[in-house]
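# Overview (structure and organization)
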Amino acid sequence: MNSQKAYVAENPPPSDSLLMIALPDEHNELTLNLPVTESEDEDVLAMELERALGQDDEALTQQDAAIKSAIQKEQTYLLAIEETQREEMPQEYRDEELDGANSGLDSMDVSASSAGWEALVARHEAEMDRRKHLGLGWADMDDTESRTPGRGAHMHEKLSSPSRKRSVMESKKRHEERQAKAAELRERFRQEKAEKVKDLTKKVVEVRLFKDKMEEQKRDYLDRKLQEAEEKRKLQLKLKVKKAHEEETKANEIAFINSLQEQNKKMDIMTKHKDVKARLLDIQGERQRKIDEKAAKEAAVEERRKALDAERSARLAEMQLKRRRREEEIEHGKLERDKERTEALKAKEKEHKDRLAEIERQQQANIEELQKKIEQKQSDSTRRHNERLQNIREKAFIMNVLKHSTEDQPDAPKLQPYNTKKICTVCNMVIPSEVHLQSHLRGQQHQSMLQDKQTASGGWSKDQIETFNIEHLQDVPGDFVDPKQVSSRERSKSLKKRCKKLKHRMQARGNEFEAGLDLRQETVDSQHKAKLNKIVKDVNKFMQAQERGPWPQNKISALDRVLGEAVRILDKKVLKDQLAFRICGGLSTFTRLLQLLHEENVIQLYPKCCSNVCQVIRLACKSCFENCHYFLFSNRTGVIIDLLITRLTWMVDETNSKLDVIESAALGSTADSTTLANLINNNTIDITIDVVASSLVHTLAVILSCLSTSNPQSKASDKSSSSQRPGLDAFNSRISDTIRYTITVGVVDKLQSLYTNVRGYLDTNTQLFHFLQYSISFLTAISKLTVSQRQQDVFDSPKADSTELMQTYEDIELAGIMSLLYGMLLHNVPTRGEVSTPPLLSSNTLTVTLVGLRLINQLATMDLKLVQRVLGSEGVSLELRHIVSYLIWYCTQHTDNEELLHEAILCVNYFVVLNADNQAIVHSGQSPSILQQLCSLPFQYFSDPRLTLILYPCLIAACYQSDSNRNILEQELSSDLLANFLEESELQLQQKKLSPSVTRKSNSDGRMALAVRFPERLWQDAKQYFSSSS
């Protein structure tokens, strides 16, 4: 109730003053002075209309705001009326009424009889209606009325009081008083409520009257405005009609005037037509007269025009002359001023330049003087530095000569070549490095020449021998022609001549094979055939869509994903998948992809992508003879070889560049003599390795190894060899062409150039290790293919080699394998005197050493005398002696390298068998020699039959027909052991011949057998030789 009163107080009903916002009356009415004359423009009328409409819109907006405010007030008053009608009796009135009801409980029968049952029922129904209207249930009945604390006890005490026991009349009287009081209160509440509702209703009526009045004013205003707008519209239309009527009147007048003119013309024409005949002669005369007059007038006009033109031209010429004179005067004045200014500036500048030139001449003189002093100092420093370097080199060379002249040294000499090659004038032998120096000084040729000199002069002392060696070891003169270099150049020329012809023939054969292969229809049931087809198609799309130039990164990434999918499929090594890959054109497609990547120079930018392509080809050909056969016959190997030689050439050039940098650093260094000597002699060369070259040579090694192990000639029997002869001949011809092409393009020479530059262990350089392993495996594979073609005994004379592989090996010192092993194993290693146990080698170094020795042993089975000749030459023999000595020492200290020791023993066996010069090498050098180390191997090699089969043939080959070696052998063990071993071998051989069906248990592979390491025809003589010594 109080809140409603406050709301009504804050929002009073509208008064008469609110009517002041009504629409403007007749005095304030907007009027337009519309134009009624023809001279008014329509744009002015439009502007007047727009201004009037703007004022009307503003008035309408105020009227709408007043109506909206009245509607809101009306709704507010109506809500207040509804709340007032729902308002209940105040609490104090209900307390009074309740007290009256309680007082009636003392005499229920009296109150019941006086009030009546109907009153109680009506009261209960009113209470229920009230609770229902308030939304209260029975559960909320006890909580609807607020209870005063202690009221229950008070009521109980009050009701239990004896004073309440009053008479019926008194109770009735009291009850009636209370009922009257309650009725009075209810009447008062109803009157207040009615008055309040009446007031609010009056306000609502006033608001509604105000709203109706405002709406009526709005309607009147809109009607008036519509009427005015209609009048204005009619007036405008009337003006437009009047304007159109005036235009039409003008058109009619013009038409009338034109018609009058036409009538006049017509009448004139008719009049002229009537007079034509009469005036025809006059007209002709008049015409002639007019012509004459016209000609005279034209002549006069022309004369006047010429006179005017001449006058105007003269006037213009005079004006131009005046203007030109004035411009010339201005220009002359300007030039004079500029000339004076320029002369002043030139004089000032000349003076400034003279001062600067004088200063510059003085500075230049000082600079030249200082520069001369600096150049003189630099030249003196460079001369002293070069002299110091030369003295260091000469002293180092002299020290090497003195060290190796009379006795062998335990430490291995350096493999680093001399900056200037040396020559022995006594033997006319070129010495490129310290290894060759020691080998030559302790070699048989130089020692024989030295012995002849000593015999002629009656013997020399140690100092005299050293002086003789120093005097006759000089720098190679500039005009000296090395026979090896001459033969190397001639060999290169002959290889280049044959390379083009061989390449053309291989391409023709490959095209012929593929043309014939297209006629065949091969099918294979592979689980991944569809995926492989999709991979090949995707690669073809990449190649077809690519234009000239570098490949984008997104295309390389997509190609890597395709290659990864192919690798995952082929890595499972399923033969059907490999065959399906070839049938769907995978090998040819991926080979063309390699060519395209090389042509677009993608190899340099993305070597991993090219390596992945090689990996796919390698997995497709691994252990699959059909795919390798296709790769060979279709000349895909030639494509890989062409790419390989390109990458190897790049590697050799980069390595040579690093060598030049190291030499330049050594020449430009200003360190002391010890540091310079270490920089010159002990530098470690980091060979530039190309991962693409490693992948290419690995791919060739896998393909050729598969062809060598699955060679049809090795599997063909004697009966079937005649029927398979055409296929075997074709296979051998393709193999020969491939090997010859590998040699002619220079792959083996490039590998030899890289091998000779390797220094140090392969502990951390994984790329170099993989390259060396794969390249040696490649050389081993082509060697095995050559052996399979020749099919000969080790000790027989070699057959003609159409591939010229062995001749190439002889020219390049077995592809530099011994230099490779020497540089890896003996580069800056401690000697036996320094340490008791050699340092532990990494698995990478041991693996490369093992495959290198196997390649040497493989070559020995192909041409034993050639290998012995190369290994026994100066320099290589010293490298072999130090390598084998170090390996025997290493393997006896680290016993888990038995296989490496066996390969070293087998290499020594092939080196000395039936070769007296090489037999002398195995007992030369600082003690213990190779022979002494072999005789000092662990006891198992002299007791275990498996190990004696490895060691004894080597000892027999080393000591046969060599008394000096046999004497060294007898210092460690008895020669009867070798004689008994030979006798046992003879008995086993005879038993095998008598019982060929009985297979003898073999304790070693066929390469370690005595028959392939020592000729069977000499067994009896060897047995007698070793038996006679006892």
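Just above, that's the structure.
So, here's what we can say about the structure. Along each chain, residue indices are assigned from 1 in the same order as the chain's sequence is written. In keeping with the model being predicted, local features are shown solely for residues with a pLDDT of at least 70 and side-chain atom pairs are shown and tallied solely at 80 or more, while totals for entire chains, interfaces and linings include all residues. Note that the side-chain values use all heavy atoms of the structure and ignore hydrogens as well as water.

### Some thoughts on the overall build of the protein chain
Note on conventions: DSSP H or I runs of at least 4 residues are helices, E runs of at least 2 residues are strands, and numbering of each starts at the N terminus. When its secondary structure is counted, the protein chain shows 39 helices and three strands. Per-residue accessibility, obtained with a 1.4 Å probe over protein chains only, is compared with the maximum for each type, and a residue is labelled buried under 20%, exposed over 50%, and partly exposed between these values. The burial tally for the protein chain puts 38% of its 1030 residues in the buried class. Contacts are assigned to residue pairs with any non-hydrogen atoms lying within 4.5 Å of each other. A fraction of 82% describes how many contacts in the protein chain between residues 6 or more apart in sequence connect residues 24 or more apart.

### Focus on the nonpolar core
Residues belong to a common nonpolar core when they are buried Ala, Val, Leu, Ile, Met, Phe, Trp, Tyr or Cys residues joined through side-chain atoms within 4.5 Å. Counting 182 residues, the largest nonpolar core has Phe-778, Leu-779, Tyr-809, Leu-934, Phe-1014 and Phe-1026 as the members making the most contacts within it. When residues of this core are assigned to their parent elements, the largest contribution, eleven residues, is made by helix H26 (residues 766-790). Among all residues touching Leu-934, those that are not within four sequence positions of it are Ile-888, Ile-905, Val-908, Phe-942, Leu-951, Cys-954 and Leu-955. Ile-67, Leu-200, Val-204 and Val-207 belong to the second largest nonpolar core, which has twelve residues in total.

### Quick notes on unusual backbone geometry
One non-glycine residue, Asn-635, adopts positive backbone phi at about 65°. Topologically, Asn-635 is positioned in the loop between helix H18 (625-633) and helix H19 (636-668). By relative accessible area, which is 11% here, Asn-635 ends up buried. Of note, Leu-814 is a non-glycine position whose phi angle comes to about 55°, a positive value. Looking at the secondary structure, you find Leu-814 in the loop between helix H27 (805-811) and helix H28 (817-825).

### Focus: the packing of aromatic side chains
Two aromatic rings are characterised by how far apart their centres lie and by the angle between their planes. Here is the rule: rings of Phe, Tyr and Trp (six-membered ring for Trp) pair when centre to centre is within 6.5 Å. Planes less than 30 degrees apart are stacked, more than 60 are edge-to-face, and the remainder are tilted. According to the stated counting rule, one finds eleven aromatic pairs in the structure shown. Both rings, one in Tyr-886 and one in Tyr-890, keep their centres 6.4 Å apart while their planes meet at 25°; by these two values the pair is stacked. Here Tyr-886 pairs with Tyr-890, and both are found in helix H31 (residues 876-893), just four residues apart, close to one helical turn. Centre to centre, the rings of Tyr-952 and Phe-981 are 5.4 Å apart; their planes meet at 80°, and the pair counts as edge-to-face. Remark: Phe-981 occurs in helix H38 (residues 976-994) and Tyr-952 occurs in helix H36 (residues 945-959); sequence separation between them is 29 residues. Classification of Tyr-952 as buried rests on a relative accessible area of 5%. An aromatic cluster is present here, built from Tyr-960, Phe-1014, Tyr-1025 and Phe-1026 joined pairwise through their rings. The ring of Trp-650 carries the charged tip of Arg-647 above its face, separated from the ring centre by 5.2 Å. Lying across the ring of Tyr-1025, Arg-966 places its NZ or CZ 4.3 Å from the centre. Only when the NZ of Lys or the CZ of Arg is both within 6 Å of the ring centre and within 35 degrees of the ring normal is a charge said to sit over the ring.

### Description of the packing of helix H12 (residues 529-545) against helix H13 (residues 553-570)
Across the interface, H12 lies against H13 with an axial gap of 10 Å and an inter-helix angle of 155°. Between H12 and H13, the interaxial angle falls into the category roughly antiparallel. With respect to the hand of their crossing, H12 and H13 are arranged in left-handed fashion. Residues Lys-531, Leu-532, Ile-535, Asp-538, Val-539, Phe-542 and Ala-545 of H12 form the contact with H13, whose own contacting residues are Lys-555, Ala-558, Leu-559, Val-562, Glu-565, Ala-566 and Ile-569. Gly counts as polar in this scheme, as do all residues outside two lists: the nonpolar Ala, Val, Leu, Ile, Met, Phe, Trp, Tyr, Cys and Pro, and the charged Asp, Glu, Lys and Arg. Along the lines of polarity and charge, the residues of the contact of H12 with H13 split into ten nonpolar, no polar and four charged. Note on definitions: angles span 0 to 180 degrees between N-to-C directions of axes, and those axes are lines fitted to C-alpha atoms, for helices only across the stretch in contact. Angles are sorted into four bins: roughly parallel if under 35 degrees, roughly antiparallel if over 145, roughly perpendicular if 65 to 115, and oblique for all others. Rotating anticlockwise by less than a right angle from the far helix to the near helix defines a left-handed crossing, while the corresponding clockwise rotation defines a right-handed one.

### Here's the deal with a negative patch on the surface
Patch rule: a residue counts if its relative accessible area is over 30% and it has no salt bridge; like charges are joined within 9 Å, and nonpolar side chains (Val, Leu, Ile, Met, Phe, Trp, Tyr) within 5 Å. Here the accessible surface of atoms and residues is derived via Shrake-Rupley with a 1.4 Å probe, and residues count as covered only by protein chains that are part of the display. Salt bridge, as applied in this entry: a Lys or Arg side-chain nitrogen positioned within 4 Å of an Asp or Glu carboxyl oxygen. Neither His nor the chain ends is counted toward charge; the positive residues are Lys and Arg and the negative residues Asp and Glu. In plain terms, the charge of a residue is placed at NZ if it is Lys, CZ if Arg, CG if Asp and CD if Glu. Residues Glu-327, Glu-328, Glu-329 and Glu-331 make up a contiguous surface patch of negative charge. Tracing the chain through its elements places Glu-331 in helix H7 (residues 168-405).

### Topic: the packing of helix H14 (residues 575-583) against H18
Relative orientation of the contacting elements H14 and H18 amounts to 25°, with a least axis distance of 9 Å. The orientation of H14 with respect to H18, classified from their angle, is roughly parallel. Mapping the contact onto sequence places Gln-578, Leu-579 and Arg-582 in H14 and Glu-626, Asn-627 and Tyr-630 in H18. Looking at side-chain class alone, the contact of H14 with H18 contains two nonpolar, two polar and two charged residues.

### A closer look at empty space enclosed by the protein
Space inside and on the surface of the protein is sampled on a 1 Å grid over the protein atoms alone, with a cavity defined as a set of points where a 1.4 Å probe fits but cannot get out and a pocket as an open set with protein on both sides within 12 Å along at least 5 of 7 lines; lining residues have an atom within 4 Å of a point. Grid points are joined across faces, edges and corners, and a volume is the space filled by probe spheres set on the points. The final tally for this structure, using the stated rule, is three cavities of 30 Å³ or more. Volume-wise, the largest cavity comes out at about 60 Å³. Lining the largest cavity are Met-506, Arg-509, Gly-510, Leu-632, Phe-633, Asn-635, Thr-637, Arg-734, Asp-737 and Thr-738. Mapped onto the lining of the largest cavity, the elements with two or more residues apiece are helix H11 (483-517), H18 and helix H24 (725-744). Of the residues contributing to the lining of the largest cavity, the split by class is three nonpolar, four polar and three charged.

### Some points on the pattern of salt bridges
One pass over the full model with this rule turns up 34 salt bridges. When the shortest N-O distance is used, the salt bridge between Lys-218 and Asp-64 registers 2.6 Å. Here Asp-64 lies in helix H2 (residues 42-86) and Lys-218 lies in helix H7, a separation of 154 residues in the sequence. Its relative accessible area of 37% is what places Asp-64 among the partly exposed residues. Each member of the salt-bridge network shares a partner with another, and the members are Glu-302, Arg-305, Asp-309 and Arg-312.

### Description of the side chain of Thr-808
Here Thr-808 shows up in helix H27. Residue classification places Thr-808 among the buried residues on the basis of a relative accessible area of 3%. Not counting residues up to four positions away in its chain, the partners in contact with Thr-808 are Arg-491, Ile-743 and Val-748.

### Observations concerning helix H21 (residues 691-709)
Look at H21: 27 Å from first C-alpha to last across 19 residues, which is about the 27 Å you get at 1.5 Å a residue. For H21, a buried count of 16 out of 19 residues is recorded, marking the element as mostly surrounded by other parts of the structure. Multiply 1.5 Å by the residue count of a helix minus one, and that product is the helix's expected span.

### Observations concerning the environment of Pro-607
Note on placement: Pro-607 falls in helix H17 (residues 607-621). On the accessibility criterion, Pro-607 (26% relative accessible area) is partly exposed.

### Describing the environment of Tyr-910
Checked against the element boundaries, Tyr-910 lands in helix H32 (residues 898-912). Residues Tyr-910 and Arg-1013 lie 103 residues apart in sequence; the distance between their C-alpha atoms is 6.8 Å. Residues in contact with Tyr-910, not counting those within four places in the same chain, are Val-794, Asn-857, Ala-860, Thr-861, Leu-864, Gln-868, Arg-1007, Val-1012 and Arg-1013.

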